[in-house]
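# Per-entry structural report
Listed here are the chains, written in short residue letters.
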Amino acid sequence: QVQLVESGGGLVQAGGSLRLSCAASGIIFRTYAMGWYRQAPGKQRDLVAFITRGGSTNYTDSVKGRFTISRDNAKNTVSLQMNSLKFEDTAVYYCMARWDYGLGSRDYWGQGTQVTVSS
């Protein structure tokens, strides 16, 4: 059974930092690409940051230079370091694991962790 458990969310003032972590189980972690998505109230869920099996990363423009995604294959974890947080970063953040099996892919999701940035 695949489980993705996020932690590290909370309330922070604008300009502050938070570090989100996602612990994965039930998968061969090193074979999965991992991502962080977020969903603000009334909005769709959008990609924040993505890291491939090989460690290549990409970010949505609004977080470039402020957020850093990383993975630890030995610990089956993916993290998102968020610095210089802004009010508009407020959202529920979701961890995603993607298995690309060639003909398609399958995504698994965590339950989400709330990040609230006060202005």
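Our subject is the structure that appears above.
Below you will find a few notes about this structure. Per chain, the residues get numbers from 1 upward, laid out in the order the sequence is written. Local features in this predicted model are restricted to residues of pLDDT 70 or higher, and side-chain atom pairs are both shown and tallied only at a pLDDT of 80 or more, whereas totals for entire chains, interfaces and linings draw on every residue. Side-chain figures throughout are based on the complete set of non-hydrogen atoms in the structure, without hydrogens or water.

### Description of the state of the cysteines
- Two cysteine sulfur atoms make up a disulfide if the distance between them is within 2.5 Å. With the rule as written, the count across this model stands at one disulfide.
- Through a disulfide, Cys22 is tied to Cys95; the S-S separation comes to 2.1 Å. For the disulfide bridge between Cys22 and Cys95, the dihedral angle about the S-S bond is near -80°, and by the sign convention the bridge is left-handed. Of the two residues, Cys22 is situated in strand S3 (residues 18-25) and Cys95 in strand S9 (residues 91-100); the sequence distance between them amounts to 73 residues.
- Buried residues are those whose accessible area, probed at 1.4 Å on protein chains only, stays under 20% of the maximum for their type, while exposed residues exceed 50% and partly exposed ones sit between those limits. Note on Cys95: relative accessible area 0%, which makes it buried. A run of H or I in DSSP becomes a helix once it reaches four residues, and a run of E becomes a strand once it reaches two; helices and strands are each numbered from the N terminus.

### Details of the nonpolar core
- Each nonpolar core is a collection of buried residues, namely Ala, Val, Leu, Ile, Met, Phe, Trp, Tyr and Cys, held together in the definition by side-chain atoms within 4.5 Å. Core analysis: the largest hydrophobic core is formed by 29 residues, its most contacted members being Met34, Trp36, Val78, Leu80, Met82 and Tyr93.
- Within the residue set of this core, elements represented by two or more residues are S3, strand S4 (33-39), strand S5 (46-51), strand S7 (67-72), strand S8 (77-82), S9 and strand S11 (113-118).
- Pairs of residues are marked as contacts when any of their non-hydrogen atoms sit within 4.5 Å. When residues no more than four places from it in sequence are discounted, the contact partners of Leu80 are Leu18, Arg19, Leu20, Trp36, Val48, Ala49, Phe67, Thr68, Ile69 and Tyr93.

### Some remarks on the sheet that holds S7
- When DSSP finds at least two bridges between two strands, those strands are taken to pair. Taken in spatial order, the four strands line up as S1-S3-S8-S7 in an open sheet, and their pairing is antiparallel. Every other strand in the sheet has two partners, leaving strand S1 (3-7) and S7 as the edge strands with one partner each. Averaged over all pairs of adjacent strands, the angle between strand axes in this sheet comes to 15°, irrespective of strand direction.
- Pairing of S7 with S8 involves six bridges; the strand directions are antiparallel. Across the sheet, residue Ile69 finds its bridge partner in S8, namely Leu80. Note on geometry: axes are lines fitted to C-alpha atoms, helical ones only across the stretch in contact, with angles between N-to-C directions running from 0 to 180 degrees.

### Some remarks on the pairing of S11
- Side chains Thr113, Val115 and Val117 project from S11 onto a buried face, and the interleaved Gln114, Thr116 and Ser118 project onto a face without burial.
- The sheet contact formed by strand S2 (residues 10-13) and S11 spans four bridges and is parallel. Bridged to Gln13 within S11 is Ser118.
- Two strands pair when backbone bridges link them, and S9 and S11 are joined in this way by three bridges, in the antiparallel orientation.

### Digging into the pairing of S1
- Because side chains alternate across S1, one face comprises the buried residues Leu4 and Glu6, and the other comprises Gln3, Val5 and Ser7, none of which is buried.
- The pairing of S1 with S3 spans five bridges and is classified as antiparallel. For Val5, the partnering residue across the bridge sits in S3 and is Ala23.

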